[in-house]
Amino acid sequence: MGYPHPSHPKETVVLSKYFGDAAARTHQGWVERGGYEGLKKALGMTPEAIIEELKASGLRGRGGAGFPTGLKWSFMPKGDGKPHYLCCNADESEPGTFKDREIMRWTPHALIEGCAVACHAIGAETCYIYIRGEFTDPWAVMSTAVAEAYAAGTIGANAMGSGTRIDIVLFRGAGAYICGEETALMNSLEGKRGNPRIKPPFPAAAGLFGMPTTINNVETLAAVPHILNRGAAWYKALCLGNPKSTGTKLFSVCGHVMKPGNFEITMGFPMKDLIYDLAGGMRPGRTLKAVIPGGSSVPIMNRQEAEAALCDYEGIVEKGSMLGSAGFIVMDDSADIVYEVYRLAKFYAHESCAQCTQCREGTAWTTKILERILKGQGKPEDLALLLELSEQMTGKTICVLSDSCAAPIVSGIQKFRSEFDAYLRRAKAPVLAGA
Amino acid sequence: MSGGAGTGHGAEGEHQPVFVGGARDKLEALFPRFPTRQACLLPALWIVQEERGWISPGAMAEVASLLGLTPAYVRGVVTFYTMYHTHPVGRHFIQVCTTSPCHLCGSDDVVKALLKETGCGELGATSPDGRFTVIEVECLGACGFATPILVDNDFIESTSPERVPGILAGYR
Amino acid sequence: MSAELVNVTIDGVTVSVPKGTTIIEAAKQAGVLVPHYCYHPSLPSPAVCRMCLVEVEKAPKLMPACVTTVAEGQVVKVMSQPARKARESVLEFLLINHPLDCPICDQAGECELQDFVFQEGRAGTRYSDYAKRFNPVEDFGPDVLYVPNRCILCTRCVRFMEDVADTPVLNVSERGDRAYIGIDPGQALDHPWSGNVVDLCPVGSLISKDFLHKARAWDLDKTASICPGCTQGCNIMIDTRDDVVVRLRPRANLDVNRHFICDTGRADYRWMNRGDRIEVPLVRDGSRLSPTDWDTAVPRLAALITGVTGRVVLLASGRASLESLGWVRRLLDGKDVTAAIKVPQGPEAPLPGVPNLALRKDRVPNLDGARLAGYTAAWKDAMARVEGAALVMLLDADLDDAEAARLASAEMVVGLSSVDDDRLKGAAMLLPVSTMAEENGTYVNRDQRVQRFIEAKGAPGMARPGWWIAAQAWAENNPGQGAPMTAAEAFARLGSAIPALNGLTYGDLGLTGRVLDSAPAPAGARQGAAR
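Since this is a predicted model, take the numbers as computed values, not measurements.

## Some thoughts on the overall build of chain A
And then number 1: Regarding its fold elements, chain A presents 18 helices and 11 strands.
And then number 2: Here the C-alpha coordinates of chain A stretch approximately 70 × 45 × 35 Å along the principal axes.
And then number 3: Within chain A, the proportion of its 435 residues that are buried is 61%.
And then number 4: Once local pairs closer than 6 in sequence are excluded, the contacts in chain A between residues at least 24 apart make up 72%.

Now the structure itself:
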């Protein structure tokens, strides 16, 4: 398993410092590199103090929702006497996103350290790390690292000699994108079908096994020890654009670029530079056509929007899309937008849990319409139908998988209308690969 | 760790218990880590699949009784998750990602090469010699290393049509 | 629920409801039905069907009414354009795979999908040129068939078996639009309360084999009644077609059976359709029983009763109404009477999710009513006294052959019988009575709840309720008193002999019944007034 590239000078290397450094994976190697200093410091602080530091840093959830982490931790009840739980969401299944796997397989102890700090801050004695079933390498690496951390007394009944109990349990998923949704993750952990739950109740009130629970993404937790070590002010200062988006983030860039991979950049970084500079730009003779920045569950950006956008939560919203998990799917002029929209709809149809009517039937129906358009059998009213179905699939369901299916469809039709029209006019030859 | 699959299984005859010996120890080691038995369901199903290559109705009933659940409940959970097999599969189970990021990077050609080299002919089928089953799956979370495939538990990145014969040779 | 009240306006109507009430329940009080499928007042709410999305002022999205609780001053719109559009689209989504089975589907006419599509759906589908999902019909066991194509995945059946019956034998299998309701292959849906899933299913996906293709919903007459199967006293509807009972269904009573009945009670209606009935009064004329009319039979009965000295044994059916039991007993006032009903026994089968609800061991509906009226369950003791008794009076008693043979050892037998029973042909009189399905009456259940049942089909020929026959004869023997002419009057006048009923009328009972305030004391003791 190789790592694609050494760090680019424009990257701000914090989380990815040891990507590619095999020695950093061991407990000893991690300690030698300054690891577990953050945990040691945290264990000497009060939970309130840790939460304040997190709030001051401006760290926002890196799984896709961007919810302020310190604020989320502060929702946990104090002194309620119930067991608290931390869940680490390592179910990374959002198309275009492949950063958490790198964190786990190169710096597993970074994640362990972050989880341990979070446990202390929210009063949890047990952290479950939910790793998707297909991540066999990260599983193996994390298993070894957790065992090492127990053996070294870093976690366990008496974490680092502090008297605090911190247990970390790895849990293997079994193939369901929807289990990346925090409430579905909890149901799956409890031994149920991975159905999202209605909210309220919110996890901090009644989550895993009905107890107060916080769920955080791998990258979010990995950032926590750095914030404690170097201070909230340092983290906050790492921002180029909007002060509400601080710190660094791993941007996964894939698709039609010369150098796909993960790039750690400061929030507010120009998207143009990310694509053309860090990711090596287009293949020879190709021009940029479209970018889906958030993983696939966000509106497609066209070339103009992509080249003008700043990479942070607000900057991308300004250009009509969302940062999400920052899994960039880059398409050049050779890409068939209609096919890719179809293929994404097919993805969502496959992953729908089946609870809500609009999602269960709508993801499948829109896939069928798009499939027929691709076969050259589309009808003129199909586009209006797709837009109307998409509207009824948005904001009406328990979770946002349905909305996620609708976003590429709506933005695809709105911004790449000519490609759809070409299929409707049967001007293009049917391109249904793999069928 | 490559999992053996489908050796000598057809439709299940009388179900031989899975959770004896080492498998039983593994299951019991799970109990203290969760506050409920039910939470051990997904890990228990993984143990079954590692031992037998697939999860039969008899195995579902066995898991159900060990965890205080009904077989119908266990079946509802098993059929929700894509990675659990409810039928025997080829000795080596190959999953290839064809979601948009990988499609953009040529997953179609990888699929064709795999189907040809394994002799499966079409996605979802098992090869005539029973060695391989190839299915397409959704995003495997390695989009920057297109096209990733899983052969049993081996995650192989950056598969190209040219690399396919060499990869498969390791599983003959 | 808290006693604190919250004011909420729903489609222009303001109501005050307890804090914690959901919008869907508050809407009922405002006279607004929020269309829904997966919600059910006796099941936990998963909010998955998305039909009940309503517009709530100041909320950014439509809210599911089944799980959103009311807030002070909230303004809710159920019939606004965004809410109706959302419902229209849910219906469209449900119909893309739902087959156009109405012509062959039992649910037609009582189908919630039909109802809401007629009310708010699109006139035509836009799902054209695509195949619908197809799965073959499955036999879930004893009485239930599952038609997966019609299933809208509301999951009421799964939740009923899991949360109310505490037996998770149904599941949702697969994911996405491939999902269907599954049952473990080795198992059948034979839980004693499992038939309720057929009623819960809003569409014709779970259907009863017993009712399959028997009748169209709009051909049915539906009458409120009480299940005559055991002392629980579940409220039911008797569905008849052309005066034949074709189905029993639960009737909602939140204090007795909520929305459920057990499979035993549900299946036990065929006896209501028996054709072998006595249709005219029969009186002894020498060696044979001759048909006659009531004008002749009533005075004859009255005289016969007057002439009895010595021991009387009164054997009654456990299904006899309180009115019939009371008036037949009253007819025999002043005699040495041993009165008993036969109480068959069967295993108890509770429904764990509903407090105090079970198929009871005592398989008669009116044991407590019988006791109030002066009968006991000591059937064997009563039978022992038959030999040499001056009169054995039968009120539709269910006799086995040995017991019927014993009647010959009594001096005289008068039978009030629904069924034409050859074994009773030695009686002095054999008078036709209606069954509980053919008359108005009341039962008292094991919790002392007096509940009305209503005449669901016609009685054959000249058959009359037991209380009518007895009261007519009693009036002959008590001139100037007059006989009650209606069941209501018969009930109201029971109070003079049964203090617990004193002052109660049918109006007090309504259709959900009323609990008497204390357990029945031995017959004759002074009892408190009814609550």
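## Points about the overall build of chain C
And then number 1: Secondary structure summary: chain C contains 14 helices and 25 strands in total.
And then number 2: With the principal axes as the frame, chain C shows a C-alpha extent of 85 × 50 × 40 Å.
And then number 3: A burial count over chain C gives 50% of its 531 residues as buried.
And then number 4: The long-range fraction of contacts in chain C, counting pairs at least 24 apart against all pairs at least 6 apart in sequence, stands at 62%.

## A closer look at the domain arrangement of chain A
Reports of interface size often rely on the accessible area that becomes lost once the parts have come together.
Residues and elements named next belong to chain A.
And then number 1: Once the domains are mapped, chain A shows domain 1 (22-233), domain 2 (248-332) and domain 3 (337-424).
And then number 2: Between domain 2 and domain 3, the residue contacts involve 9 residues of the former and 10 residues of the latter.
And then number 3: Taken together, the residues of the side of domain 2 that touches domain 3 sort by class into 6 nonpolar, 3 polar and no charged.

## Some words on the interface of chain A and chain B
And then number 1: Taken together, the contact pairs 50 residues of chain A with 38 residues of chain B.
And then number 2: When contributions to the side of chain A that touches chain B are tallied by element, the ones reaching two or more residues are α7 (136-151), β3 (167-172), α8 (182-189), β5 (248-255), β6 (261-266), β11 (327-332) and α14 (337-351) of chain A.
And then number 3: For the side of chain A that touches chain B, the leading source of residues is α14(A), giving 6 residues.

## Remarks on the interface of chain A and chain C
And then number 1: On the side of chain C, 24 residues touch chain A, which itself brings 24 residues to the contact.
And then number 2: Among the secondary structure elements, those contributing two or more residues to the side of chain A that touches chain C are α14, α15 (357-374) and α16 (381-392) of chain A.
And then number 3: In terms of residue count, the dominant contributor to the side of chain A that touches chain C is α15(A) (9 residues).
And then number 4: Considering only residue class, the side of chain A that touches chain C consists of 9 nonpolar, 10 polar and 5 charged.

## Let's talk about α8(A)
Residues three or four positions apart in an α-helix share a direction because the helix packs 3.6 residues into each turn.
And then number 1: Burial within α8(A) is extensive, with 8 of its 8 residues counted as buried.
And then number 2: Restricting attention to buried positions, one finds in α8(A) the residues E182(A), T183(A), A184(A), L185(A), M186(A), N187(A), S188(A) and L189(A).
And then number 3: On its buried face, α8(A) sits against β1 (84-90), β2 (124-131), β3 and β4 (213-217) of chain A together with α2 (41-52) of chain B.
And then number 4: Remark: G191(A) follows α8(A) within two positions and exhibits a positive phi of approximately 85°.

## Examining helix α2 (residues 81-97) of chain C
And then number 1: Taking 1.5 Å per residue as the helical rise, α2(C) with its 17 residues ought to reach 24 Å, and the 26 Å between its terminal C-alpha atoms agrees with that figure.
And then number 2: Restricting attention to buried positions, one finds in α2(C) the residues A83(C), A86(C), R87(C), S89(C), V90(C), L91(C), E92(C), F93(C), L94(C), L95(C) and N97(C).
And then number 3: Those residues of α2(C) that are buried are in contact with α15 and α16 of chain A together with β3 (53-56), β5 (74-77) and α3 (112-120) of chain C.

## Focus: the pairing of strand β24 (residues 449-453) of chain C
All names here are of chain C.
And then number 1: Among the 5 residues that make up β24, 5 are buried, leaving the element largely enclosed by the rest of the structure.
And then number 2: Summarising the sheet, strand β23 (residues 441-444) and β24 pair through 4 bridges and their orientation is antiparallel. When the bridges of β24 are listed, Y443 appears paired with Q451.
And then number 3: In sequence, β23 turns back onto β24 through a hairpin of 4 residues, with Q448 there showing a positive phi of about 65°.
And then number 4: When β24 meets strand β25 (residues 514-515), the two strands line up antiparallel, connected through 2 bridges. Within β25, the residue paired with V450 across the bridge is R514.

## Topic: the nonpolar core
And then number 1: Counting residues in hydrophobic clusters, the biggest one holds 350 residues, and the most contacted among them are C87(A), C88(A), C115(A), I129(A), L274(A), V54(C) and A316(C).
And then number 2: Beyond its immediate sequence surroundings of up to four residues, V54(C) is in contact with I23(C), V34(C), L62(C), M63(C), A65(C), V76(C), K77(C), V78(C) and A83(C).

## Topic: the pairing of strand β21 (residues 413-417) of chain C
All names here are of chain C.
And then number 1: Among the 5 residues that make up β21, 5 are buried, leaving the element largely enclosed by the rest of the structure.
And then number 2: What you see with β21 is no split at all: V413, G415 and S417 on one side and V414 and L416 on the other are buried throughout.
And then number 3: Between strand β20 (residues 391-395) and its parallel partner β21, the chain crosses via helix α11 (residues 401-406), and the hand of that crossover is right-handed.
And then number 4: Two elements, β21 and strand β22 (residues 429-432), share 4 bridges in a ladder whose sense is parallel. Each residue of the ladder has a partner; that of V414, found in β22, is M429.

## Some words on the sheet that holds strand β13 (residues 244-250) of chain C
Residues and elements named next belong to chain C.
And then number 1: Spatially, β11-β12-β13 is the arrangement adopted by the 3 strands of the open sheet, whose pairing is antiparallel. Of all strands in the sheet, those bounded by a partner on one side alone are β11 (221-226) and β13. The mean inter-strand angle of the sheet, taken between neighbouring strand axes irrespective of direction, is 30°.

## Quick word on the environment of E438(C)
Residues and elements named next belong to chain C.
And then number 1: Relative to the helices and strands, E438 is located in the loop between β22 and β23.
And then number 2: Under the C-beta neighbour-count criterion, E438 is labelled buried, with 21 such atoms within 10 Å.
And then number 3: A sequence separation of 42 residues divides E438 from D396, and the C-alpha atoms of the two residues are 14 Å apart.
And then number 4: When residues no more than four places from it in sequence are discounted, the contact partners of E438 are E455, K457, G458 and A459.

## Some thoughts on the packing of helix α3 (residues 57-67) of chain B against helix α4 (residues 71-78) of chain B
Residue and element names in this part refer to chain B.
And then number 1: Following both chains from N to C, one finds α3 and α4 inclined at 115°, their axes separated by 8 Å at the closest point. On the basis of the axis angle, α3 is roughly perpendicular to α4. Of the two elements, α3 crosses α4, and the hand of that crossing is right-handed. Here M60, A61, V63 and A64 of α3 lie close against α4, whose contacting residues are P71, Y73, V74, R75 and V78.
And then number 2: Looking at the contact of α3 with α4, its residues break down into 8 nonpolar, no polar and 1 charged.

## What about the sheet that holds strand β14 (residues 282-285) of chain C?
Residues and elements named next belong to chain C.
And then number 1: The 7 strands lie next to each other as β15-β14-β22-β21-β20-β16-β17, forming an open sheet whose pairing is mixed. With one partner strand each, in any of the chains shown, β15 (288-291) and β17 (336-341) form the two edges of the open sheet. Taking the axes of each pair of neighbouring strands and ignoring which way they run, one obtains an average angle of 20° across the sheet.
And then number 2: Examined bridge by bridge, strand β16 (residues 311-316) and β20 share 5 bridges and lie parallel to one another. What sits directly across from V312, in β20, is L391.
And then number 3: The sheet strands contacting helix α7 (residues 294-306) are β14, β21 and β22, and the helix crosses β22 at an angle near 130°.

## Considering the packing of α14(A) against helix α17 (residues 401-415) of chain A
Residues and elements named next belong to chain A.
And then number 1: α17 packs onto α14 with a crossing angle of 170° between their chain directions and a minimal axis gap of 10 Å. When the axes of α14 and α17 are compared, the pair comes out roughly antiparallel. Touching I337, V341, L344, A345, Y348 and E351 of α14 are L401, S404, C405, P408, I409 and G412, all from α17.

## What to know about the environment of H84(A)
Residue and element names in this part refer to chain A.
And then number 1: Inspection of the secondary structure puts H84 in strand β1.
And then number 2: A residue is classified by how many C-beta atoms lie within 10 Å of it, and H84, with 21 of them, is buried.
And then number 3: Once the C-alpha coordinates of H84 and A124 are considered, the two residues, 40 residues apart in sequence, prove to be 4.4 Å apart.
And then number 4: Sequence-distant contacts of H84, defined by excluding residues within four places in its chain, comprise M76, I122, G123, A124, M211 and P212.

## Let's talk about unusual backbone geometry
And then number 1: P200(A) follows K199(A) through a cis peptide bond whose omega is 5°.
And then number 2: Of note, the amide linkage connecting A146(B) to T147(B) takes the cis form, showing an omega dihedral of -10°.
And then number 3: Of note in the backbone geometry, D166(C) takes a positive phi value of approximately 55° without being a glycine.
And then number 4: Positive phi outside glycine occurs at N356(C), with the angle close to 60°.
And then number 5: Its place among the elements puts N356(C) in the loop between β18 (349-350) and β19 (358-359).

## Here's the deal with the confidence of the model for chain C
Residue and element names in this part refer to chain C.
And then number 1: The pLDDT averaged across chain C works out to 94; a share of 97% of its residues lies at or above 70.
And then number 2: Within the model, the stretch residues 519-531 combines pLDDT values under 50 with 26 contacts to residues more than four positions away or in other chains.
And then number 3: ipTM for the predicted complex: 0.93, alongside a pTM of 0.93.

Reading the values: the criteria
- Residues numbered from 1 in each chain as written.
- Chains lettered and ligands numbered in written order.
- Predicted model: local features only at pLDDT ≥ 70, side-chain atom pairs only at ≥ 80, totals over all residues.
- Helix = DSSP H or I, 4+ residues; strand = E, 2+ residues; numbered from the N terminus.
- Buried ≥ 20, exposed ≤ 12 C-beta atoms within 10 Å, placed from the backbone.
- Contact = placed C-beta atoms within 7 Å.
- Domains from an automatic or database assignment.
- Nonpolar A, V, L, I, M, F, W, Y, C, P; charged D, E, K, R; others polar.
- Expected span 1.5 Å × (residues − 1).
- Pairing = 2+ DSSP bridges.
- Core = buried A, V, L, I, M, F, W, Y, C linked by C-beta atoms within 7 Å.
- Right-handed = clockwise from strand over helix to strand, strands pointing away.
- Axes fitted to C-alpha atoms, helices over the stretch in contact; angles between N-to-C directions.
- Parallel < 35°, antiparallel > 145°, perpendicular 65-115°, else oblique.
- Left-handed = near helix turned anticlockwise from the far one by under 90°.
- pLDDT = per-residue confidence, 0-100.

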